[in-house]
Amino acid sequence: MDNLDELTAHHVVHTSVGLHPVDPVGVSASFFSLTVRNSDHANPRVSVAQTALAIARSTLWMSSARRFIDLPSSQPCCLVAGIISAPGVEQPVFQARAVMAHPEGGHVLVLDLTSAATEHADAYTSILEAVAHTVSFSNPDPDSDPGPAGKTATSRILDLLL
């Protein structure tokens, strides 16, 4: 936690810590981050594939699974998930990474979810995939960009709170 400010040098634009209940009276923790990377290719599908392939080829993976995700936005997205072993760290950790294209081009987003609770790998993979499905590329302030006439923007978070 002491080094979170160093993540900006790696183009990380958002981080959060999750606490998840574990039966009967425990808690597991996860770390989520959102990174924006420049795209190396003009075609968004190629950019996503190149980035996901680079992630999957990391020598840190002890085991991993890869697949494409169909998003409501129709933007290309690839998920890489599995167990990694970092140098100097005794316990392996679980990590799921979703790579998606920004619709305006020029960038890819990488969503990361990491946890030492490797026994919950399937649940964490589902969580990250669900988060990937909620990503939208719209201005959150409807007053500054009203969009098409008569169309009111909705908030999935607001829907949950109502």
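Model, not experiment: these values are computed from the prediction.

A. Expanded view of the pattern of salt bridges. What the rule picks out here adds up to two salt bridges. Between Arg 67 and Glu 129 there is a salt bridge, with its nearest N and O atoms 3.0 Å apart. On the criterion of sequence distance, the pair formed by Arg 67 in strand 3 (residues 61-68) and Glu 129 in helix 2 (residues 121-134) is long-range, its members being 62 residues apart. Salt-bridge contacts for Asp 112 lead to Arg 97; the nearest nitrogen and oxygen are separated by 2.2 Å. Here Arg 97 lies in strand 5 (residues 93-101) and Asp 112 lies in strand 6 (residues 107-115), a separation of 15 residues in the sequence. Across this residue pair, the class does not change: Asp 112 and Arg 97 are buried.

B. The state of the cysteines, seen in detail. With the rule as written, the count across this model stands at zero disulfides. Of all cysteine sulfurs in the structure, the one in Cys 78 sits closest to Cys 77, which takes part in no disulfide; the separation is 7.2 Å. Taking relative accessible area as the criterion, Cys 77 reaches 1% and is therefore assigned buried. According to the relative accessible area criterion, Cys 78 is buried, its value standing at 6%.

C. Here's a closer look at unusual backbone geometry. Even without glycine at this site, Ser 74 takes up a positive phi of about 65°. Along the chain, Ser 74 turns up in the loop between strand 3 and strand 4 (77-84).

The rules we used
- Residues numbered from 1 in each chain as written.
- Predicted model: local features only at pLDDT ≥ 70, side-chain atom pairs only at ≥ 80, totals over all residues.
- Heavy atoms only, no water.
- Salt bridge = Lys/Arg side-chain N within 4 Å of Asp/Glu carboxyl O.
- Helix = DSSP H or I, 4+ residues; strand = E, 2+ residues; numbered from the N terminus.
- Buried < 20%, exposed > 50% of the residue type's maximum accessible area, 1.4 Å probe, protein only.
- Disulfide = S-S within 2.5 Å.

Keep in mind these numbers describe shape, not what the thing actually does.
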